[in-house]
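As a plain string of letters, each chain reads:
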Amino acid sequence: MDAFAIFIQAMNGIQYGLLLFLVASGLTLIFGIMGVINIAHGSFYMIGAYLAWSLMGWLENFWFGLFVGVAAAFLLGLVLEWMFIRFLYDRDHLQQVLVTYGLILIFSELRSVIWGDDVHSVAIPALLDGSIQLTENLAYPIYRLWLSGVCVVIAILMYFGIQHTRLGMMIRAGESDREMTKALGINIGLVYRFIFALGVSLAAFSGMISAPISSVFPGMGSQVLIVSFVVVVIGGLGSIKGAMVAALLVGLIDTFGKVMSLDIFGINIFPEMAGMSIFALMALILIFRPQGIFGKEY
Amino acid sequence: MRAILRKLFFGLIFLALLLLPFWGDRFYIQFASKILIMIVFVSSLNLLVGFTGLVSLGHAAFFGFSGYVLALLSPVDSAMNFFVALLASILCTGVLGVIFGALVLRTKGIFFIMSTLALGEMLFYFLHDTDLAGGSDGMYINSRPDVSFFDWWQLDLANVVHFYYLALITAVIVLIVIRAIIHSPFGRVLAGICVNEHRTKALGYNTYKFKLVCFVIASMIAAVSGFLSAVQFGVVNPEMVGWHVSGHALMMVILGGKGAILGPVIGTTTLMLVEEGFQMVTKHWQLLTGVAIVLVALFFPHGLVGFKFFKKGS
């Protein structure tokens, strides 16, 4: 690989990592603040992608579709929290896993009823449909650049929102002592509902903006869920900073694993084994730092 | 009175199970064998979830891996000795259990759930993406292992009735073994870990070692079920290690009631029968299963053994 090819792969890796961060940060927010493990998180990503596909078809406008999709996902999050999740705060993880596992089955079957089981693709919006010429035969698509930029902006907004706003203060207070926050007259149930809906919209938004660069297919939810679990285990649960570092690490390793070729004892271990590389990283983290890179000791 | 009724009830059920092949249709005998195999698998998961408090979402890895060991070991043209093949599958899966367990047991709670799921899926992608064992199509086991014991008794595993009895005997043995484990001093320590790990540690037990041994035992029992399942269908595929198998098994543990030896028996039978019913009603039966799972987890967290009838009368 020459320098430009490495540069392009690094950009792809960072872009994938940033997208993973959006998904994983929703997961880590919901767990870190509400103490709920939500394994249906991948389903929201999948729903987002399918929403993108049908909304772009109906509205014929990417930006309007994006807006409507995120609003719908936020609403879905509010309803789900009200119907199921709010009963889980005082339950053990096993029940949380089961309820959200049931939700996965429901959503994947509803998807099959509403959208069918076909693979679809979403067109890149005209405004961003182009690429920057790097050398004579290497170019980088503008859409991927835009996607990375959006992820960075959201990460900054999230950091600012949690650290420097009144709502963020309530969220942090609820995280450290739920009863005390309640006693101070803050409607913590409402704050939780908002957080959950935010997590759902983050996942759905990631699915929507990634739809144009990857295909929209039934199994995309569980795939992204597994990778975000790996990200969360590596980064440390409840840590947004950890999620960022781990997501970038996983994105880069996965991307380079897929384009590298390495022979060990005459057996070509890449790219077929590339899927394994992020799990190997996770295993290393479990051996040397089981609480994750930025996780607190427990 | 309730104790007598209870004994009578289970005795009748066991009698019915023994006699089932005499009037059952071929399809139902096969389905019953499937349930019995699943009971073995779910019981092994219950050892982790119910008796030790380790919620694993990657237990299917051992179920499928064991089947793959059989598929890879079986010669193409001749049958392998059943006992040799079974032992090999259990031992290989046990080694995988040591590796996975040593890694995931370094974490606790929600991290444990996530890392078991991730390692299980790693195995899925490994089997799915590499050509080592047939890739996404899986592998056929051309000749089923040959059950003969120094030529004096023989079972034909392709015969559904023979296979049914094999599954029934295995399930009974596994339940007895699990009961023995739970009531042994080792099982008492596991119960201590389940209730309060810190306190058990303070009593001087190396809880990591106890959990690891329990994890390996559970993986080896899961290997027995995976082996039988591979023998029954003569085929293995990556879906066997997928996390939906683990999720369903977890559901069966809860539905029956975790931490009860008969819990998996009741939970597995109920869910599999109910799902079979759902499949007759609609193509989108998973939707109904999902709703059932959500409702059970929300409203019946203690499972069916929570009902008085199944409890030991005082």
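Model, not experiment: these values are computed from the prediction.

What counts, and at which threshold
Residues numbered from 1 in each chain as written. Chains lettered and ligands numbered in written order. Predicted model: local features only at pLDDT ≥ 70, side-chain atom pairs only at ≥ 80, totals over all residues. Heavy atoms only, no water. Helix = DSSP H or I, 4+ residues; strand = E, 2+ residues; numbered from the N terminus. Rg over C-alpha atoms; globule rule 2.2 N^0.38 Å. Buried < 20%, exposed > 50% of the residue type's maximum accessible area, 1.4 Å probe, protein only. Contact = heavy atoms within 4.5 Å. Areas by Shrake-Rupley, 256 points an atom, 1.4 Å probe, with all protein chains shown as cover. Lys, Arg positive; Asp, Glu negative; His and termini not counted. Charge placed at Lys NZ, Arg CZ, Asp CG, Glu CD. Buried area = accessible area lost by both parts, 1.4 Å probe. Salt bridge = Lys/Arg side-chain N within 4 Å of Asp/Glu carboxyl O. Expected span 1.5 Å × (residues − 1). Axes fitted to C-alpha atoms, helices over the stretch in contact; angles between N-to-C directions. Parallel < 35°, antiparallel > 145°, perpendicular 65-115°, else oblique. Left-handed = near helix turned anticlockwise from the far one by under 90°. Core = buried A, V, L, I, M, F, W, Y, C linked by side-chain atoms within 4.5 Å.

(A) Local environment of the overall build of chain B. Along the backbone of chain B there are 12 helices and 4 strands. Here chain B has a C-alpha radius of gyration of 19 Å; the compact-globule value for 314 residues is 20 Å, and the two agree. Looking at chain B as a whole, 54% of its 314 residues are labelled buried. Excluding contacts between residues fewer than 6 apart, the proportion of contacts in chain B whose partners are at least 24 apart in sequence is 77%. With the model as given, the accessible surface of chain B reaches about 14100 Å², and the carbon-plus-sulfur share is 69%. The distance from the centre of the 19 positive side-chain charges to the centre of the 13 negative ones in chain B is 25 Å.

(B) View of the overall build of chain A. In terms of helices and strands, chain A carries 11 helices and 4 strands. Its C-alpha atoms give chain A a radius of gyration of 20 Å, within 12% of the compact-globule value 19 Å for 298 residues. Over its C-alpha atoms, taken along the principal directions, chain A stretches across nearly 65 × 50 × 40 Å. Put simply, chain A has 298 residues, and 52% of those count as buried. Of all intrachain contacts in chain A linking residues separated by at least 6 positions in sequence, the fraction that spans at least 24 positions is 76%. Treating the 13 positive side-chain charges of chain A as one cloud and the 17 negative ones as another, the clouds have centres 14 Å apart.

(C) Quick peek at the environment of Leu228 of chain B. Residues and elements named next belong to chain B. With respect to the helices and strands, Leu228 occurs in helix H9 (residues 207-233). Accessibility expressed as a relative area gives 3% for Leu228, which makes it buried. On a C-alpha basis, the gap between Leu228 and Leu47 in space is 19 Å, while along the polypeptide they are 181 residues apart. Look past the residues within four positions of Leu228 in its chain and what remains in contact with it is Ile37, Phe163, Leu166, Ala167 and Thr170.

(D) Representation of the interface of chain A and chain B within the structure. In this complex, chain A contributes 46 residues to the contact, which on the side of chain B involves 43 residues. If you sort the residues of chain A by the area they bury against chain B, Leu94, Leu98 and Tyr101 of chain A come out on top, with a joint share of 16%. There are 1 salt bridge connecting chain A and chain B. Put simply, Asp92 of chain A and Lys258 of chain B hold a salt bridge, and the shortest N to O gap is 3.9 Å.

(E) The pattern of salt bridges, seen in detail. All names here are of chain B. Summed over all chains, the structure comprises 4 salt bridges over all chains. Between Glu197 and Lys211 there is a salt bridge whose closest N-O contact spans 3.1 Å. Here Glu197, found in helix H8 (residues 197-202), pairs with Lys211, found in helix H9; they are 14 residues apart in sequence, far enough to count as distant.

(F) View of helix H10 (residues 240-259) of chain A. Residues and elements named next belong to chain A. In a regular helix each residue adds 1.5 Å, so 20 residues correspond to 28 Å; H10 covers 29 Å between its end C-alpha atoms and thus fits that length. Burial in H10 covers these residues: Gly242, Ala243, Ala246, Ala247, Val250, Gly251, Asp254, Thr255 and Gly257. Buried residues in H10 make contact with helix H1 (3-34), helix H9 (220-235) and helix H11 (274-288).

(G) Highlighting the packing of helix H2 (residues 26-49) of chain B against helix H6 (residues 160-183) of chain B. All names here are of chain B. Where H2 contacts H6, the two axes come as close as 9 Å, and the packing angle between them is 20 degrees. The orientation of H2 with respect to H6, classified from their angle, is roughly parallel. As for the relative orientation of H2 and H6, their crossing is left-handed in sense. When H2 is examined against H6, the residues Arg26, Ile29, Gln30, Ala32, Ser33, Leu36, Ile37, Val40, Ser43, Ser44 and Leu47 are found in contact with a partner set consisting of Val160, Val161, Phe163, Tyr164, Ala167, Leu168, Ala171, Val174, Leu175, Ile178, Ile181 and Ile182.

(H) Spotlight on the nonpolar core. Among the nonpolar cores identified, the biggest contains 194 residues, and Met34, Ile39 and Phe44 of chain A together with Leu47 and Leu250 of chain B are the most heavily contacted of them. With 15 residues, the top contributor of residues to this core is H2 of chain B. With residues up to four places along the chain from it excluded, the contact list for Phe44 of chain A reads Asn38, Leu76, Leu80, Phe107, Phe196, Val200, Ala203 and Ala204 of chain A.

(I) Main features of the side chain of Ser43 of chain B. Residue and element names in this part refer to chain B. Considering the arrangement of structural elements, one finds Ser43 in helix H2. The exposure class assigned to Ser43 is buried, which follows from its relative accessible area of 2%. Residue contacts for Ser43: discarding those within four places in its chain leaves Leu175, Ile178 and Pro264.

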